[in-house]
Amino acid sequence: MIQDIFPHIYHNEYHSHAPKDNDIILVFDGNEVLLKTDDKTMFSFAEIKEQVESETAEYRYLFEIDETAFYYLRNADVTTIQGVSRYSKNIFRTYEPRYLAFAGITAFQLYQWYESHIFCGKCGHTLVPDQKERALYCTHCGEIIYPTICPAVIIGVIDKKKDRILFTKYADRDYKKYALVAGFAEIGETLEDTVRREVKEEVGLSVKNIRYYKNQPWSFTGTLLVGFFAELDGEADITLEEDELKEATWFERKNMPPTENDISLTAEMMEAFRAGKETI
Ligand SMILES: [Zn+2]
């Protein structure tokens, strides 16, 4: 999965400090990332600092991988940077090397969070980064805002009697491949409640024997995905929630279509079922 970057090590401890020449500076603009045109690599601090106005540019600390710190560039005119091309954040679905794909999309999620929390929601004053932890702080009213992470479940619904699993396709999303039933946790429910509710809402089925599989930070959608397998309870006839899904199809274990990537928990769960490694 995308977060599996061994032998590299992701350090999420908050060690904010000024960048060194070899550190990496991510440059984002809206929903796009700016990478070097010739080889799509990211900028080092040494490369970028020559090209932006040093009086205003801010390098906001994000995290470290191994000995390298990662930052994103703020308050700079990115149109003056030479030799760059713009890419969708989805470039990080296939970016090489893989540990930098994880770094890039994780940086993007943090960048989006910081840039959508400029002002205090309580009193309207400008927020500043906290010095000790990854949070934003209001010097006027004392409010502390932590990064927003949205938990969501992915569910491998299994019909044990017929040895098959339920695949879905979304109705209106960029992602056109097969997925599994999934949805966000709501306030006031456990993740098992979320599993039961989402399966009922999206395909009209009941499930039992809900068992945790694995989880994954999925910064493409700002979520923490939690994977479960669950057993069909009762009838297998599907009632599709057409606003959300355009297809839901049972596939026997022996006749499952190939998975499309090896970065997502969804794909890993599909392959786990194919290999007989489901948790129920
Ligand atoms: Zn405030």
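Residues numbered from 1 in each chain as written. Predicted model: local features only at pLDDT ≥ 70, side-chain atom pairs only at ≥ 80, totals over all residues. Heavy atoms only, no water.

### Topic: the sheet that holds strand S9 (residues 136–138)
And then number 1: Reading across the sheet, the three strands line up as S8-S9-S10 and stay open at both edges, with antiparallel pairing between neighbours. Unpaired on one side and paired on the other, strand S8 (127–129) and strand S10 (144–145) mark the two borders of the sheet.
And then number 2: The pairing of S8 with S9 spans three bridges and is antiparallel. Counterpart to Pro129 in the pairing with S9 is Leu136. (Pairing = 2+ DSSP bridges. Helix = DSSP H or I, 4+ residues; strand = E, 2+ residues; numbered from the N terminus.)

### Considerations on helix H3 (residues 191–203)
Since one α-helical turn is 3.6 residues long, residues separated by three or four positions face the same way.
And then number 1: Spanning 13 residues, H3 covers 18 Å between terminal C-alpha atoms, matching the ideal 18 Å at 1.5 Å per step.
And then number 2: For H3, the complete set of buried residues consists of Thr194, Val195, Arg197, Glu198, Val199, Glu202 and Val203.
And then number 3: Against strand S11 (150–159), strand S12 (164–170), strand S13 (181–184), strand S14 (207–218), strand S15 (223–232) and strand S16 (245–252) lie the buried residues of H3. (Expected span 1.5 Å × (residues − 1). Buried < 20%, exposed > 50% of the residue type's maximum accessible area, 1.4 Å probe, protein only. Contact = heavy atoms within 4.5 Å.)

### Observations concerning the coordination of the zinc ion
And then number 1: Taken together, the protein ligands of the zinc ion are Cys120 (SG), Cys123 (SG), Cys138 (SG) and Cys141 (SG), with distances of 2.3 to 2.4 Å.
And then number 2: Because the angles between the four donor atoms bound to the zinc ion fall within 98 to 117 degrees, the donor set is best described as tetrahedral.
And then number 3: Every donor residue of the zinc ion comes from the same chain, spaced as C-x2-C-x14-C-x2-C. You can see Cys123 sitting in the loop between helix H2 (98–115) and S8 and its partner Cys138 sitting in strand S9, a full 15 residues away along the chain.
And then number 4: Assessed through its relative accessible area of 29%, Cys123 is described here as partly exposed. (Donors = N, O, S within 2.8 Å, 3.2 Å for Na, K, Ca; no water. Tetrahedral: all angles 85-135°; square planar, octahedral: opposite > 155°, others 65-115°.)

### Quick look at the nonpolar core
And then number 1: Counting residues in hydrophobic clusters, the biggest one holds 92 residues, and the most contacted among them are Leu26, Tyr59, Leu73, Val195, Val199 and Phe229.
And then number 2: The element contributing the most residues to this core is H2, with 11 residues.
And then number 3: For Leu73, the residues in contact, after removing those within four places along its chain, are Ile25, Leu26, Val27, Val52, Ala57, Glu58, Tyr59, Val78 and Ile81. (Core = buried A, V, L, I, M, F, W, Y, C linked by side-chain atoms within 4.5 Å.)

### What about the packing of aromatic side chains?
And then number 1: This structure, assessed with the given rule, holds 19 aromatic pairs.
And then number 2: Ring centres of Phe108 and Tyr111 lie 5.7 Å apart, and the angle between their planes is 50 degrees; this geometry places the pair in the tilted category. Of this pair, Phe108 and Tyr111 both sit in helix H2, three residues apart, which is roughly one turn of that helix.
And then number 3: In this structure Tyr111 comes out as buried when scored by relative accessible area, which is 10%.
And then number 4: Feature note: the residues Phe28, Tyr72, Phe108, Tyr111, Trp113 and Tyr114 constitute an aromatic cluster, connected by ring pairs.
And then number 5: The aromatic ring of Phe43 is capped on one face by Lys36, whose charged end is 5.8 Å from the ring centroid. (Phe/Tyr/Trp six-rings, centres within 6.5 Å; stacked < 30°, edge-to-face > 60°. Lys NZ or Arg CZ within 6 Å of the ring centre and 35° of its normal.)

### Thoughts on the pairing of strand S6 (residues 68–74)
And then number 1: When you tally the buried positions in S6, you get six out of seven residues, the bulk of the element.
And then number 2: Of the strand pairs in this sheet, strand S2 (residues 24–29) and S6 are connected by three bridges, and their pairing is parallel. Within S6, the residue paired with Ile25 across the bridge is Tyr71.
And then number 3: Sheet topology note: the strand S5 (residues 58–65)/S6 ladder contains seven bridges and is antiparallel. Looking at S6, one finds that Glu58 is bridged to Arg74.
And then number 4: If you look at the hairpin formed by S5 and S6, you'll find two residues sitting between the two strands, and Asp66 has a positive phi there, around 55 degrees.

### A look at the domain arrangement of the protein
And then number 1: As assigned here, the protein comprises domain 1 (10–110), domain 2 (117–147) and domain 3 (150–274).
And then number 2: A separation of 34 Å is found between the C-alpha centroids of domain 1 and domain 3.
And then number 3: With nine residues of domain 1 at the contact, the number on the domain 3 side is nine residues.
And then number 4: Contact between domain 1 and domain 3 buries roughly 850 Å² in total, counting both sides, with carbon and sulfur atoms accounting for 53%.
And then number 5: At the boundary of domain 1 and domain 3, one finds one salt bridge.
And then number 6: Across the pair Asp262 and Arg98 runs a salt bridge whose closest N-O atoms are separated by 3.3 Å.
And then number 7: The tally of links from domain 1 across to domain 3 stands at three residue pairs in polar contact (both at pLDDT 80 or more).
And then number 8: Residues that form the side of domain 1 that touches domain 3 fall into these classes: three nonpolar, three polar and three charged. (Domains from an automatic or database assignment. Buried area = accessible area lost by both parts, 1.4 Å probe. Salt bridge = Lys/Arg side-chain N within 4 Å of Asp/Glu carboxyl O. Polar contact = N/O pair within 3.5 Å; in protein donor to acceptor, adjacent residues only side chain to side chain. Nonpolar A, V, L, I, M, F, W, Y, C, P; charged D, E, K, R; others polar.)

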